[in-house]
Amino acid sequence: MAFIRKKQQEQQLQLYSKERFSLLLLNLEEYYFEQHRANHIWHKDSHHERKIRGSLKICSKSVIFEPDAISQPIIKIPLRDCITIGKHGENGANRHFIKAKSGGISLIFSQVYFIKEHNVVAPYKIERGKMEYVFELDVPGKVEDVVETLLQLHRASCLDKLGDQTAMITAILQSRLARTSFDKNRFQNICERLHMECKAEMVTPLVTNPGHVCITDTNLYFQPLNGYPKPVVQITLQDVRRIYKRRHGLMPLGLEVFCTEDDLCSDIYLKFYEPQDRDDLYFYIATYLEHHVAEHTAESYMLQWQRGHLSNYQYLLHLNNLADRSCNDLSQYPVFPWIIHDYSSSELDLSNPGTFRDLSKPVGALNKERLERLLTRYQEMHEPKFMYGSHYSSPGYVLFYLVRIAPEYMLCLQNGRFDNADRMFNSIAETWKNCLDGATDFKELIPEFYGDDVSFLVNSLKLDLGKRQGGQMVDDVELPPWASSPEDFLQKSKDALESSYVSEHLHEWIDLIFGYKQKGSDAVGAHNVFHPLTYEGGVDLTSIQDPDEKVAMLTQILEFGQTPKQLFVTPHPRRITPKFKSWSQTSSYNASMADSPVSPGEESFEDLTEESKTLAWDSIAKLQLHEQYKIHKEAVTGITVSRNGSSVFTTSQDSTLKMFSKESKMLQRSISFSNMALSSCLLLPGDATVISSSWDNNVYFYSIAFGRRQDTLMGHDDAVSKICWHDNRLYSASWDSTVKVWSGVPAEMPGTKRHHFDLLAELEHDVSVDTISLNAASTLLVSGTKEGTVNIWDLTTATLMHQIPCHSGIVCDTAFSPDSRHVLSTGADGCLNVIDVQTGMLISSMTSDEPQRCFVWDGNSVLSGSQSGELLIWDLLGAKISERIQGHTGAVTCIWMNEQCSSIITGGEDRQIIFWKLQY
């Protein structure tokens, strides 16, 4: 699996460098800067000394000496434990080293670590007490520079505050990177054209390695600053199959590149110092990569899984990948569920539902008695409240499972020690029992439990992992009675994952980990609430001014574990294929990707998938005017369409609501409620009622079946500018400076008693409100005012989250992105502004030479209607207008797009409605 393959890759690289040294010998968040060939001058007494040949490594928090002879241990001296650093022979010191040459560096310190003696991976040996080592460099002329560097790093290590230490070391690192650049002699071909060069770090589990990234028209290069583990890492762009932007250290700085189509392990993971550098490199790879395979959405994978084209295992791998889980980041390692409940029977019965774990509950809720205790504590807790004091995935848990195959990672994470023998991964059954009963153990599994490599279950390296209280040594993992061997255990675990029971219930676990039960009230109801800092957006590091607090916060979050990025905000559908064959994990990706025949009955279902939306937006530049009709006497203000697409309803400043038949191409009805302009309209679910908002301060309900006014809501003191509807709630915006939330259902038949609408909330503004929009889940509302302010509201509490003054003049239109992470707004000032919902930060602003009156968007591209009548297509990632399409002879005032993004209608000041066709 991923972690083991990554380990094997690193071992191959170490064969290249012929070193025992590894970046895992460094502390967390430590950098390896440079190395020098040297002798360690070792003495027994004042008259006897010998030289040990090796390499001296200068790191940001330590000095490491790696002897050439593997019988000698690697020496690690923490800089914070150094008392004196200087040239040998200065200040009358070093009296024992009578034969040492002038190329010597003297370190006097209080603590030293001895590592990998005889190349055996084992807990570090520590020697304490004041002592002195001298290292004699092969190049004496470098001694002064090395001493100066060590003194500078020593000062950083001795600073009181961790934040100050980090800041000083970062400054030293950036200075070194600024003094160097990518060596162009490393290009594979002299004809390569350079497109971009920047500073970055290569990320591997627990460690990062700084250097320079370079991209040409044919290759991606990374050159480590220290030349370790080899001078240059090179990836041919034609080999790249997938690229993903990643969140690293809670910041949008990561980029992961895959040269395989279905493997979780990437070929390189880069962390940039600036988000723009990351985005630019992503753009270059996507642009210059001839065979680049576009990223699939969670929804497109969902469809393949539902139809049986992806196994449960493959689907979970893809979801983990999309949710920022990476084998290179142990704080965001892929998470898989416990599937089996029975670890005591001699036979595993996959036809018995009792064999399986309840996938609708998180691990912490599987034991009723423990859950009751946790809920009692939760009720008594002050904000921020959480049910579980530990997470289901963290670096410690990952290495708990993998210590037998990756012992050096465990030693790195735990400062040179293995865990207590009784707390090690000794038994499958014991681990499961502790997850059910333990007060603080709620961990899930990792992909290796459903892979093919048994290495993590077997102590093939013959590691000394300690002795348990009963006297037995920690060795291979104890398997359940129903498994005859590690291979049998993995095969039966895979069979269980692909079983009918799991296929029918896996969506429930996905709701908890990747879906709508991950956050909010649904998470509370599902007993799935973890510490707020584990969630994406739980803390804004950029807002923390104290560097010490920022480093401490980041360290806490990364060590505690992180919740995956939320992929779904509505309940995940069940798998629709009733029977499944036993899936082989060696099945090819191409087979799972192959186009499958779709029966006519399935076409409407497929239209609802993200794939159809992606196809529509990819073709949006080919939009063509199909038909146009002048049906109003003044500007069109609103458009809504029946679910079957046959009837189009429009409102206008001429005070009429009109019903137009798309099939007969004729006007069927014209309704007037008053002599004042109508400002917007919408259809209620069921297509039986149209609602219109009016400048006469009212909202009108019109029954299509009975052809008459059904209800009137007199809810405002000035014109109603925009309305929205969701789940029997009406949201109305008005020039009276309010947005009101109403509950109620209009009367079913005209002439009957009017229904009473209850006012649930009143969102007060300083000035008149011109537009509103809801997010997909209707938990958030965005409003735009006449003075250019965009307001984001939390509807669950009716409170203002952010108030962003980002336009000069009226805000014409606003809308959330499909994932609810961003808000786009357009204004009379011609600006398109993108706002981050979590922080309220204005993250992008583009301008045009005229107001954009209305728009629709998919989060990346925008189709807007301009004051001149043109339709403009905006590429937000490229920050440009990619297409202009002629349309109305006056301003485009409203746009309607169906759910599948395949049908578009616009209305304008020229009194026309235009039907547009997409050319695929």
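Procedures and definitions
Residues numbered from 1 in each chain as written. Predicted model: local features only at pLDDT ≥ 70, side-chain atom pairs only at ≥ 80, totals over all residues. Heavy atoms only, no water. Helix = DSSP H or I, 4+ residues; strand = E, 2+ residues; numbered from the N terminus. Disulfide = S-S within 2.5 Å. Pairing = 2+ DSSP bridges. Axes fitted to C-alpha atoms, helices over the stretch in contact; angles between N-to-C directions. Patch = residues over 30% accessible without salt bridge, like charges linked within 9 Å, V, L, I, M, F, W, Y side chains within 5 Å. Areas by Shrake-Rupley, 256 points an atom, 1.4 Å probe, with all protein chains shown as cover. Salt bridge = Lys/Arg side-chain N within 4 Å of Asp/Glu carboxyl O. Lys, Arg positive; Asp, Glu negative; His and termini not counted. Charge placed at Lys NZ, Arg CZ, Asp CG, Glu CD. Buried < 20%, exposed > 50% of the residue type's maximum accessible area, 1.4 Å probe, protein only. Expected span 1.5 Å × (residues − 1). Arc of directions from axis to C-beta. Contact = heavy atoms within 4.5 Å. Polar contact = N/O pair within 3.5 Å; in protein donor to acceptor, adjacent residues only side chain to side chain. UniProt positions renumbered as here; feature names shortened; annotations may be inferred. Core = buried A, V, L, I, M, F, W, Y, C linked by side-chain atoms within 4.5 Å. pLDDT = per-residue confidence, 0-100. Parallel < 35°, antiparallel > 145°, perpendicular 65-115°, else oblique. Nonpolar A, V, L, I, M, F, W, Y, C, P; charged D, E, K, R; others polar. Phe/Tyr/Trp six-rings, centres within 6.5 Å; stacked < 30°, edge-to-face > 60°. Lys NZ or Arg CZ within 6 Å of the ring centre and 35° of its normal.

(A) Quick look at unusual backbone geometry. The step from Y228 to P229 runs through a cis peptide bond, and the omega angle for that step is 0°. You can see P229 is positioned in the loop between β10 (219-224) and β11 (233-236). The amide bond that connects E383 to the next residue, P384, takes the cis arrangement and shows omega of 0°. Following the sequence through the fold, P384 ends up in the loop between α7 (368-380) and α8 (395-402). Positive phi values are uncommon outside glycine, yet E29 reaches one of about 65°.

(B) Structural detail: the state of the cysteines. Applying the stated criterion across every chain yields a total of 0 disulfides. The thiol of C214 is unpaired, and the distance to the nearest cysteine sulfur, on C198, comes to 9.1 Å.

(C) Quick peek at the sheet that holds strand β30 (residues 789-794). The antiparallel open sheet is built from 4 strands, whose spatial order is β28-β29-β30-β31. Every interior strand has two partners, whereas the edge strands, β28 (769-774) and β31 (799-805), have only one. Going from strand to strand, the sheet's axes swing by 20° on average, the running direction of each strand aside.

(D) Spotlight on a negative patch on the surface. On the surface, D160, D164, D546 and E549 cluster together into a negatively charged patch. With respect to the helices and strands, D546 occurs in the loop between α13 (520-525) and α14 (547-560). The exposure class assigned to D546 is partly exposed, which follows from its relative accessible area of 33%.

(E) Quick peek at the pairing of strand β22 (residues 698-703). For β22, the tally of buried residues reaches 6 of 6 residues, placing the bulk of the element in the interior. Residues of β22 alternate between two faces, with N698, Y700 and Y702 on one and V699, F701 and S703 on the opposite face, all of them buried. Where strand β21 (residues 689-694) meets β22, 5 bridges bridge the pair, whose relative direction is antiparallel. Each residue of the ladder has a partner; that of S692, found in β22, is Y700.

(F) Main features of α14. Taking 1.5 Å per residue, 14 residues should reach 20 Å; α14 reaches 20 Å between its end C-alpha atoms and fits that length. Residues V551, M553, I557 and L558 constitute the buried set of α14. With its buried residues spanning 165° around the axis, α14 presents them on a single face. Elements that come into contact with the buried residues of α14 comprise α3 (162-178) and α8. Note on α14: the residue one or two positions beyond its end, G561, has a positive phi of about 110°.

(G) Looking closely at the side chain of S106. By secondary structure assignment, the location of S106 is in strand β6 (residues 104-115). For S106, the side chain forms a polar contact with the side chain of E132, separated by 2.8 Å.

(H) Structural view of the sheet that holds strand β26 (residues 738-743). Read from one edge to the other, the open sheet built from 4 strands follows the order β24-β25-β26-β27, with strand pairing classed as antiparallel. The open sheet is flanked by β24 (720-726) and β27 (758-764), the only strands paired with a single partner. For this sheet, the mean angle separating the axes of adjacent strands, direction not counted, is 20°.

(I) Examining helix α6 (residues 312-322) more closely. The element α6 is largely enclosed, with a buried count of 11 among its 11 residues. All of the buried residues in α6 are N312, Y313, Q314, Y315, L316, L317, H318, L319, N320, N321 and L322. Phi turns positive, to about 75°, at D324, one or two residues after α6.

(J) Spatial organisation of the environment of V233. Examined against the element boundaries, V233 turns out to sit in strand β11. For the pair V233 and Y221, spaced 12 residues apart in sequence, the C-alpha separation works out to 5.7 Å. With sequence-adjacent residues up to four places away left out, V233 is seen in contact with M202, L220, Y221, F222 and I268.

(K) Highlighting the UniProt feature "repeat: WD" (unreviewed entry) in the protein chain. Annotation from UniProt places "repeat: WD" (unreviewed entry) at residues 713-743, 762-803, 804-845 and 885-920. Secondary structure content for residues 713-743 is 0% helix and 68% strand, and the end C-alpha separation is 11 Å. With 0% helix and 50% strand, residues 885-920 has end C-alpha atoms that lie 16 Å from one another.

(L) A look at the environment of V502. With respect to the helices, strands and loops of the structure, V502 is situated in helix α12 (residues 500-513). With a relative accessible area of 1%, V502 lands in the buried category. Separated by 190 residues in sequence, V502 and N312 have C-alpha atoms that sit 8.4 Å apart.

(M) Geometry of the nonpolar core. With 107 residues, the main nonpolar core has F449 and F514 as its most contacted residues. Element by element, the count of residues in this core is highest for α12, at 7 residues. Other than its neighbours up to four places away in sequence, F514 contacts L319, N320, A323, V335, W509, P564, K565, Q566, L567 and F568. By size, the runner-up hydrophobic cluster in this structure holds 32 residues, among which are F33, I52, L137 and V147.

(N) The pattern of salt bridges, seen in detail. Applying the stated rule across the entire model yields 29 salt bridges. With a closest N to O distance of 3.6 Å, D324 and R246 form a salt bridge. Remark: R246 occurs in strand β12 (residues 242-248) and D324 occurs in the loop between α6 and α7; sequence separation between them is 78 residues. Under the relative-accessibility criterion, R246 is labelled buried at 2%. The closest approach of N and O atoms between R247 and E536, which form a salt bridge, is 3.9 Å. Pair noted here: R247 is in strand β12 and E536 is in the loop between α13 and α14, with a separation of 289 residues, a long-range link. Of the residues examined, E536 reaches a relative accessible area of 21% and is grouped as partly exposed. Sharing partners across several salt bridges, the network here consists of R246, R247, E256, D324 and E536.

(O) Fine view of the confidence of the model for the protein chain. Chain-level statistics for the protein chain give a pLDDT mean of 87 and a share of 88% at 70 or above. Scored below 50 in pLDDT, residues 12-17 shows 11 contacts in the model against residues more than four places distant or in partner chains. When the criterion is pLDDT under 50, residues 749-753 qualifies, and its contacts beyond four places in sequence or with other chains add up to 6 contacts.

(P) Representation of the packing of α3 against α14. Relative orientation of the contacting elements α3 and α14 amounts to 95°, with a least axis distance of 6 Å. Here α3 lies roughly perpendicular to α14, going by the angle between them. Within the contact between the two elements, α3 uses L162, G163, D164 and T166 and α14 uses P547, D548 and V551. Per-class residue counts for the contact of α3 with α14 are 3 nonpolar, 2 polar and 2 charged.

(Q) Quick peek at the packing of aromatic side chains. For the structure on display, the rule yields 39 aromatic pairs. For the pair W338 and Y343, a centre-to-centre distance of 6.0 Å together with 80° between the ring planes defines the contact as edge-to-face. A single burial state applies to W338 and to Y343, both of which are buried. Feature note: the residues W338, Y343, F400, Y401, F425, W432, F449, F456, W482 and F489 constitute an aromatic cluster, connected by ring pairs. One cation-aromatic arrangement involves R176 over F33; the distance from NZ or CZ to the ring centre is 4.7 Å.

(R) Up close: the environment of K61. Mapped onto the fold, K61 is located in the loop between β2 (48-59) and β3 (62-67). The spatial distance from the C-alpha of K61 to the C-alpha of L26 is 8.1 Å, given a sequence separation of 35 residues. Apart from the residues within four sequence positions on either side, K61 is in contact with N27, L28, E29, E30, P78, L79, S157 and I169.

(S) Spotlight on the side chain of H716. With respect to the helices and strands, H716 occurs in the loop between β23 (708-714) and β24. Taking the relative accessible area as the measure of exposure, H716 reaches 7% and is therefore buried. Of note is the side chain of H716, whose polar atom sits 2.7 Å from the side chain of S732. A polar atom in the side chain of H716 sits 2.9 Å from the side chain of D736. With sequence-adjacent residues up to four places away left out, H716 is seen in contact with N697, S732, S734, D736, T738 and K740.

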